[in-house]
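Architecture and fold: a report
Here are the chains, one letter per residue:
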Amino acid sequence: MDTRMFNETPPASIYIMVVAKEPIKGELEKLLKEKFPNAVLLEDKVEKVNGSLIVAYFPVLKFNSTMLKNIAEVEGIIYYSAYGNAKPMLQFIEGHKENLCENTQEIKELYFQTFSDSGSLHIVCWELKVKVGKLKRERPIDVIMEKIHNDLQNFP
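Residues numbered from 1 in each chain as written. Predicted model: local features only at pLDDT ≥ 70, side-chain atom pairs only at ≥ 80, totals over all residues. Heavy atoms only, no water.

Right, let's get into the environment of E98. With respect to the helices, strands and loops of the structure, E98 is situated in the loop between α2 (87-95) and α3 (104-114). A relative accessible area of 49% means that E98 is categorised as partly exposed. Sequence spacing of E98 and E75 is 23 residues, and the spatial spacing of their C-alpha atoms is 7.4 Å. Not counting the four nearest positions on each side in its chain, E98 is found in contact with V60, E75 and N103. (Helix = DSSP H or I, 4+ residues; strand = E, 2+ residues; numbered from the N terminus. Buried < 20%, exposed > 50% of the residue type's maximum accessible area, 1.4 Å probe, protein only. Contact = heavy atoms within 4.5 Å.)

Structural data, given as structure tokens:
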């Protein structure tokens, strides 16, 4: 997990945008709405926002199954901008579908090139591979979401 944070007080409104495939998309939306109950969920489009913006980008979601276990892999990043600055994250999304965690420094650089004096930036990144025995009757995606939930305890 990679976390970078620069503090300032954000505006009161919070917006959430989730870019991911199901079932993780619905799970991330639910998780972020629980953490930020007054947040507005943006539906697959970028709107002009006046407030904080959270973008969850999880382009890698793979499932596999063997005789004894179920396997799930995810790679994703959650980006928080106190003043709704989506441009650096959207530029990053256009250029990266894999190796996100290796390239989080690029988001930071894009952010400060574009918005050198505004807001705060917080980035959390995951590369997870979970194997769950079939006898446990537990879904690997649930284990992944629990890990993400725990990592977001101190998220802004």
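Turning our eyes to something else, we now look at helix α1 (residues 24-35). Spanning 12 residues, α1 covers 16 Å between terminal C-alpha atoms, matching the ideal 16 Å at 1.5 Å per step. For α1, every residue scored as buried is listed here: I24, K25, L28, E29, L31 and L32. Along α1, the residues classed as buried sweep out an arc of 165° about the axis, all on the same side. Projecting away from the buried face of α1 at angles above 90 degrees are the exposed residues K30 and E34. (Expected span 1.5 Å × (residues − 1). Arc of directions from axis to C-beta.)

Below, the discussion takes up the confidence of the model for the protein chain. Per-residue pLDDT for the protein chain averages 83, and the proportion of residues at 70 or more is 87%. Counting interchain partners and residues more than four positions distant, the pLDDT-below-50 stretch residues 1-10 has 32 contacts. (pLDDT = per-residue confidence, 0-100.)

Attention shifts here to the nonpolar core. Formed by 29 residues in total, the largest nonpolar core has its most connected members in I54, F58, I148 and L152. When residues of this core are traced back to their parent elements, those giving at least two are β2 (14-20), α1, β4 (52-65), β5 (69-81), β6 (121-133) and α4 (140-151). Take this core: its biggest share by element is five residues, from β6. Beyond its immediate chain neighbours, meaning those up to four positions away, F58 contacts V19, A20, K21, I24, L28, V74, E75, G76, I77, I78, W126 and I148. Among the nonpolar cores identified, the runner-up in size contains 22 residues, and Y57, Y79, L100 and Y111 belong to it. (Core = buried A, V, L, I, M, F, W, Y, C linked by side-chain atoms within 4.5 Å.)

Right, let's get into the packing of aromatic side chains. Scanning the entire structure with this criterion turns up three aromatic pairs. Residues F36 and F155 carry aromatic rings whose centres are separated by 6.4 Å and whose planes lie at 70° to one another, so their mutual orientation is edge-to-face. Of this pair, F36 sits in the loop between α1 and β3 (40-42) while F155 is found in the segment after α4, placing the two residues 119 residues apart along the sequence. Given the relative accessible area of 8%, F36 is considered buried. Of the residues examined, F155 reaches a relative accessible area of 4% and is grouped as buried. Centre to centre, the rings of F58 and W126 are 5.9 Å apart; their planes meet at 25°, and the pair counts as stacked. (Phe/Tyr/Trp six-rings, centres within 6.5 Å; stacked < 30°, edge-to-face > 60°.)

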